[in-house]
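# Architecture at a glance
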Amino acid sequence: TPENSMMIPEAVPESQRTAMISFMYVETGKADWEAPPTAFSEVQADRSKPASERFPSFWNHMMYNTANFRMVNAEGDEYPFEAYFQQDGTISTNVGAVGIWQFVVQNEKDMFCYAIHRIEFKTDEFVECFPVGAMAIPRFAEELWISNPAVGVKMHGGILPGRPVEHGGQEG
């Protein structure tokens with residue numbers, strides 16, 4: 001949506017810039033050439049396959065790391081929390097909030113959508129969707145995107161490496 005933004009937290013290495021720019025042009029429809037065919041894109045197109053096979057990099061990034069959120073209201077009050085996307089379609093958090101996630105197809109685009117509720121802040125729930133392609137290149141940072149889950153609330157989100165054992169992380 002127009003209110004949301006996603007930042008690239010560090011500069012793209014010079015050796016990868018042409019590929020990154022080309023990818024963005026093709027994905028946004030701004031290029032006047034077709035995307036080159038690849039075996040990976042054929043796997044992605046087969047919606048009968050599980051998401052873990054279609055988007056292995058994205059899947060591993062979301063299922064084995066920590067989503068870091070920080071909600072801020074107009075008064076400047078902050079509510080930080082962490083969320084852990086589980087392979088069974090549920091979401092657990094470090095603050096008692098819970099949620100669900102799923103892959104959906106919207107306008108022929110594969111989207112990752114999730115809802116979290118029982119949040120003890122100005123908004124007690126929110127729903128977000130983003131194209132899987134937006135996280136095609138996994139990145140770690142406390143803040144990768146900003147969204148507006150409710151009037152007067154900004155949510156800063158990012159991905160941190162790993163997760164606690166009690167939320168599906170690996171032991172030492």
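As a starting point, this report considers the structure included with it. In this text, all values refer to a predicted model and were calculated from it rather than measured experimentally. (Residues numbered from 1 in each chain as written. Predicted model: local features only at pLDDT ≥ 70, side-chain atom pairs only at ≥ 80, totals over all residues. Heavy atoms only, no water.)

With that settled, consider the environment of Val151. Structurally, the position occupied by Val151 is in the loop between strand S8 (141–150) and strand S9 (153–160). The exposed category is assigned to Val151, whose relative accessible area is 76%. On a C-alpha basis, the gap between Val151 and Lys122 in space is 9.3 Å, while along the polypeptide they are 29 residues apart. (Helix = DSSP H or I, 4+ residues; strand = E, 2+ residues; numbered from the N terminus. Buried < 20%, exposed > 50% of the residue type's maximum accessible area, 1.4 Å probe, protein only.)

Another point: the side chain of Glu128. If you trace the backbone, Glu128 turns up in strand S7 (residues 125–131). In this structure, Glu128 is buried with no salt-bridge partner, the nearest side chain bearing the opposite charge being Lys154 at 11 Å. One polar contact links Glu128 to Tyr114, side chain to side chain, over a distance of 2.5 Å. At 2.2 Å, the side chain of Glu128 forms a polar contact with the side chain of Ser147. In contact with Glu128, not counting residues within four places along its chain, are Phe112, Cys113, Tyr114, Trp145, Ser147 and Met155. (Lys, Arg positive; Asp, Glu negative; His and termini not counted. Salt bridge = Lys/Arg side-chain N within 4 Å of Asp/Glu carboxyl O. Polar contact = N/O pair within 3.5 Å; in protein donor to acceptor, adjacent residues only side chain to side chain. Contact = heavy atoms within 4.5 Å.)

Here the focus is empty space enclosed by the protein. Within this structure, the stated rule accounts for 1 cavity of 30 Å³ or more. The computed volume of the largest cavity comes to approximately 30 Å³. Lining the largest cavity are Met62, Ala67, Phe69, Phe85, Tyr114, Phe130, Met135, Trp145 and Ile159. A class-by-class count of the residues in the lining of the largest cavity yields 9 nonpolar, no polar and no charged. (1 Å grid on protein atoms, 1.4 Å probe; cavity = no way out; pocket = protein on both sides within 12 Å on 5 of 7 lines; lining within 4 Å. Points joined across faces, edges and corners; volume = space filled by probe spheres on them. Nonpolar A, V, L, I, M, F, W, Y, C, P; charged D, E, K, R; others polar.)

All right, on to the state of the cysteines then. Summed over all chains, the structure comprises 1 disulfide. Two residues share a disulfide in this structure: Cys113 and Cys129, whose sulfurs sit 2.0 Å from each other. Taking the torsion about the sulfur-sulfur bond, which here is approximately 120°, the covalent link between Cys113 and Cys129 counts as right-handed. Separated by 16 residues along the polypeptide, Cys113 in strand S6 (residues 109–117) and Cys129 in strand S7 bring together distant segments of the chain. (Disulfide = S-S within 2.5 Å.)

So, to be careful, I would describe these as geometric facts and stop short of saying anything about function.
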